Amino acid sequence: MSKYIDFEAAFQALNDMLALHHLSLHIICCGGYLLQRMGFRGTIDVDAFYKSNEEIDLLIRRVGALLDINTGRTIWLNNAVSAMSDWPDSQYCEKLHGLSNLTVDRVTIEYLLGMKLSSTRPIDKEDAGHIIKAKGLDNPIGLYCLLASMSFRLSMVSVLEAFAFAYGDEWRAAYWKEHSKEILDLLNSEW
């Protein structure tokens, strides 16, 4: 488990640096930082959507150095997710912090689940399972349809894996038995 970094202090320090340089920045957080806020696991960085430039990147690095939260080649705030995923529509974002020069939004839990379930990394399926259990979700088909309506390309198999992580293989087997026709129809529609 990663250590818990006080990213709220980092956001405040970044806001102060931005103000000093008469700049502003809007970021949309996703990934491990949101899981850390939910108490699941720590993370070493904040994945976020934002418009990067040389000046902004330099200020982000300075804040990380000042607070000693850059680790090796990993900068505490990065927008690598912007190259891997589409920017979330504003309807899937919620405000976290509105500072004078820094606006910090987050993706909704549903959008975060879509990102996690679209990934091929095993840790993302586990993360999705933690969210599913914490939120008391109990309808894999409903979740699949909701995420598909949000334009996520995912597999019903991934959704079922996350629910199995949340509630166990027996729960998944019982759900499969009760909903096998609907699940098979969804699986067939994916191909």
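The structure presented is a predicted model; accordingly, all values stated were derived computationally and were not measured. (Residues numbered from 1 in each chain as written. Predicted model: local features only at pLDDT ≥ 70, side-chain atom pairs only at ≥ 80, totals over all residues. Heavy atoms only, no water.)

Draft legend 1. Structural detail: the pairing of strand 1 (residues 25-30). Counting buried positions along strand 1 yields five of six residues, so the element is predominantly enclosed. In the sheet, strand 1 pairs with strand 2 (residues 46-49) via three bridges, with the strands oriented antiparallel. Across the sheet, the residue bridging to Cys-29 is Ala-48, located in strand 2. (Buried < 20%, exposed > 50% of the residue type's maximum accessible area, 1.4 Å probe, protein only. Helix = DSSP H or I, 4+ residues; strand = E, 2+ residues; numbered from the N terminus. Pairing = 2+ DSSP bridges.)

Draft legend 2. Here's a closer look at the pattern of salt bridges. Taken as a whole and assessed by the stated rule, the structure comprises nine salt bridges. Glu-8 serves as the salt-bridge partner of Arg-37, at 3.5 Å between the closest nitrogen and oxygen. Of the two residues, Arg-37 sits in helix 2 (residues 32-37) while Glu-8 sits in helix 1 (residues 7-20), which places them 29 residues apart along the sequence. In this structure Arg-37 comes out as partly exposed when scored by relative accessible area, which is 42%. Linked through salt bridges whose partners overlap, the residues forming this network are Arg-41, Lys-116, Arg-121, Asp-124 and Asp-127. (Salt bridge = Lys/Arg side-chain N within 4 Å of Asp/Glu carboxyl O.)

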